[in-house]
Amino acid sequence: MNVPFYRHSLDASYASRVAKVLDTPFLTSAGVGKEVEAQLAQFFGVPHAALVNSWTNGAVAVLLALGVGRDHEVIVPAMTFIASANVVELVGARPVFVDVDPKTLLMTSDGVRAALTPATRAVIPVHLYGQMCDMLGLRRALADRPDVALIEDCAHCFEGTRDGEGPGLHSDAAIFSFYATKNVTCGEGGTIVTRRADLHELVLQTRLHGMSAGAADRFRNQLYRHWDMARLGTKANLPDLLAILLPPQIETIRERLPQREELAQRYEQALAGTPIRIPGSVPGAVHARHLFPIHVDPRQRDETLVTLNQAGIGATVNYNSVPTLTYYRNRYGYTPADFPVSQSWGEGTLSLPFFPGITTAEQERVIDVLREAVIPRLQTLDQRS
Ligand SMILES: *Cc1c(COP(=O)(O)O)cnc(C)c1O
């Protein structure tokens, strides 16, 4: 039996939703997107949401809106997906990496405090794998730096909470991804959620070239309206064709979370007492359970991947430490010793198949292969070292 790493669970009813948009004159951003934005703002309890065509383009739009660019620094965790740091490079600023907490693998307030300089303009905490960073602590760490924006990377955490609060409540902006494998998806997409009316107004411009009025608004009441461009923007608006896939998922995401939790706990029980490590849980957090990463001895990570893949199991890596990837190493001269927690997690981690539609038989198959072909070899190495 082959078990894929991921399989989406959008059924045939989504085709008729797309067909409805095909019946409208404009296929790009118009009425559907506005309705979804209202639904998102309500879900997060935050006044503003702007849909974008990816987390990445949304983050560029936010950084442009905040005026972050040359000579500025942005603090990002070393353990994350490359996009969290790449967006900083894309606007010409410098990503300043900080190591993560060894237990939770999340960015810490102490790490941020130590990395702040007069050039810092933003901090991008990442709610890695679905657990939220300590947003109140991070806010406190920036209490005397009103010039530093707090931008949450919520690509893994749509439905997660910490101390009863979801993303978006203590930051300048929270950015989500609706990429194919994320907990809410439309293939490609994302949203920027913010409490700040001023930032929202600017993002509406920077997500669409910097134009002063959106394409759909140019013909209000059949009359052409001139637009101006006062600042540089990118092209990050989400077409209605994709936005139409989101409402049913947003409506049901909270009631579907226990399903993910159950899958995670089945893996956790099967791995208890073996040399396989998993990230520690954050007290007071509801885990969004985006991925199920495990950690083995780095000397055996790649052979474990091969064993799983050859058994037809779609395991992958989330993630190798970002500062020592070739681009960042060449550009800034980072070495593995600079971010030891991120480095050692990155060298030993791999992610198991994990998605709501995985069948019990599929998950049992993954566990069987781990028990029969992976764990005995890990134990052998344990005895050698
Ligand atoms: C997926 C992901 C992104 C990028 O999202 P896109 O919508 O593909 O641009 C950013 N950060 C993290 C942590 C991610 O996992």
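What you see is a predicted model; the values in this text were computed from it and never measured.

> How should I be thinking about the sheet that holds strand 1 (residues 48–52) in this particular structure?
Each strand in a sheet pairs with another by means of backbone hydrogen bonds, the pair being arranged parallel or else antiparallel. Overall, mixed pairing links the seven strands, which are arranged 1-8-7-5-4-2-3 in an open sheet. The open sheet terminates on both sides in strands that have one partner only, identified here as strand 1 and strand 3 (94–98). Across the sheet, the axes of successive neighbouring strands diverge by a mean angle of 25 degrees, strand direction being ignored. Pairing of strand 2 (residues 73–77) with strand 3, which is carried by five bridges, proceeds in the parallel orientation. Residue P77 lies in a different strand from strand 3, and its bridge partner there is V98. Contacts from helix 3 (residues 55–65) reach strand 1, strand 5 (149–153), strand 7 (173–177) and strand 8 (190–194) within the one sheet, and its direction differs from that of strand 7 by about 160 degrees. Each of strand 1, strand 7 and strand 8 is contacted by helix 7 (residues 197–206), which is oriented at about 20 degrees to strand 1, the strand it contacts most.

> Teacher, can you tell me more about a nonpolar patch on the surface here?
Judged by side-chain polarity, Y224, W227, M229 and L232 come together as a nonpolar surface patch covering roughly 450 Å² of accessible area. Looking at where L232 falls in the secondary structure, it is placed in the loop between helix 7 and helix 8 (240–243).

> What is the right way to look at the pairing of strand 4 (residues 120–123) in this model?
Regular strands show a simple pattern: their side chains alternate between the two faces of the sheet. Here strand 2 pairs with strand 4 via three bridges, running parallel. When the sheet's bridge partners are listed, V74 is paired in strand 4 with A122. Summarising the sheet, strand 4 and strand 5 pair through two bridges and their orientation is parallel. By the bridge assignment, V123 is partnered in strand 5 with L150. With helix 6 (residues 135–141) bridging strand 4 and the parallel strand 5, this β-α-β connection has right-handed handedness.

> Could you clarify how one ought to interpret the nonpolar core in this entry?
Nonpolar side chains tend toward joint burial in soluble globular proteins. V87, F97 and I151 are the most contacted members of the largest nonpolar core, which totals 35 residues. Within the residue set of this core, elements represented by two or more residues are strand 1, helix 3, strand 2, helix 4 (83–90), strand 5, strand 7, helix 7 and helix 11 (326–332). Tallying contributions element by element places helix 3 first for this core, with six residues. Sequence-distant contacts of I151, defined by excluding residues within four places in its chain, comprise V62, L63, L66, A122, V123, I124, P125, A173 and I175.

> How should I be thinking about helix 9 (residues 247–271) in this particular structure?
An α-helical turn contains 3.6 residues, so a residue and the one three or four places further along point in the same direction. Between its terminal C-alpha atoms helix 9 stretches 36 Å, which fits the 36 Å expected from 25 residues at 1.5 Å a residue. At I253, helix 9 shows its strongest bend, of approximately 60 degrees. Looking at helix 9, one finds that the buried residues are P247, Q249, I250, I253, L257, R260, L263, A264, Y267, A270 and L271. In the segment just after helix 9, G273 is the residue with positive phi, at about 80 degrees.

> Would you explain the packing of aromatic side chains in this entry?
Aromatic rings considered in pairs are described by the distance between their centres and by the relative angle of their planes. Under the criterion given, the structure shown has 18 aromatic pairs. Aromatic side chains F43 and F158 sit 4.9 Å apart centroid to centroid with 45 degrees between the ring planes, which places their arrangement in the tilted category. Note that F43 is positioned in helix 2 (residues 31–44) and F158 in the loop between strand 5 and strand 6 (161–162), a separation of 115 residues in sequence. According to the relative accessible area criterion, F43 is buried, its value standing at 15%. For F158, a relative accessible area of 5% corresponds to the buried category. Each ring, one from F158 and one from F178, has its centre 6.3 Å from the other, and the planes form 50 degrees; the classification is tilted. One end of the pair, F158, is in the loop between strand 5 and strand 6; the other, F178, is in the loop between strand 7 and strand 8, with 20 residues separating them in the sequence. Here F158 matches F178 in class, with each residue buried. Each residue in the set F97, Y327, Y328, Y332, Y334 and F339 is aromatic and connected to the rest through ring pairs, giving one cluster.

> Help me understand the site of the ligand in this model?
If you check the shell around the ligand, you find 16 residues, and the closest are T56, D153, H156, S177 and K182. K182 is positioned with one of its side-chain polar atoms (N or O) 3.2 Å from an oxygen atom of the ligand. Between an oxygen atom of the ligand and a side-chain N or O atom of Y319, the distance comes to 3.2 Å. Protein chains shield 93% of the accessible area of the ligand, which is 390 Å² for the free molecule. Contributions of two or more residues to the shell around the ligand are made by helix 3 and helix 4. Here the residues of the shell around the ligand sort into seven nonpolar, seven polar and two charged.

> Is there a simple way to explain the pattern of salt bridges in this structure?
Side-chain pairs of opposite charge can arise where the charged atoms are in close proximity. Under the definition given, this model contains 15 salt bridges. Notably, a salt bridge pairs R196 with D198, separated by 2.9 Å at the nearest N-O pair. Overall, D198 belongs to the partly exposed group, its relative accessible area being 43%. We note a salt bridge from R289 to E261, for which the minimum N-O separation is 3.0 Å. One end of the pair, R289, is in the loop between strand 9 (285–286) and strand 10 (293–295); the other, E261, is in helix 9, and 28 residues separate them in sequence.

Calculation notes
- Residues numbered from 1 in each chain as written.
- Predicted model: local features only at pLDDT ≥ 70, side-chain atom pairs only at ≥ 80, totals over all residues.
- Heavy atoms only, no water.
- Pairing = 2+ DSSP bridges.
- Helix = DSSP H or I, 4+ residues; strand = E, 2+ residues; numbered from the N terminus.
- Axes fitted to C-alpha atoms, helices over the stretch in contact; angles between N-to-C directions.
- Contact = heavy atoms within 4.5 Å.
- Patch = residues over 30% accessible without salt bridge, like charges linked within 9 Å, V, L, I, M, F, W, Y side chains within 5 Å.
- Areas by Shrake-Rupley, 256 points an atom, 1.4 Å probe, with all protein chains shown as cover.
- Salt bridge = Lys/Arg side-chain N within 4 Å of Asp/Glu carboxyl O.
- Right-handed = clockwise from strand over helix to strand, strands pointing away.
- Core = buried A, V, L, I, M, F, W, Y, C linked by side-chain atoms within 4.5 Å.
- Buried < 20%, exposed > 50% of the residue type's maximum accessible area, 1.4 Å probe, protein only.
- Expected span 1.5 Å × (residues − 1).
- Bend = angle between axes of the 7 residues up to and from the residue.
- Phe/Tyr/Trp six-rings, centres within 6.5 Å; stacked < 30°, edge-to-face > 60°.
- Near = heavy atom within 4 Å.
- Polar contact = N/O pair within 3.5 Å; in protein donor to acceptor, adjacent residues only side chain to side chain.
- Nonpolar A, V, L, I, M, F, W, Y, C, P; charged D, E, K, R; others polar.

Any link to function would need more than the numbers given here.
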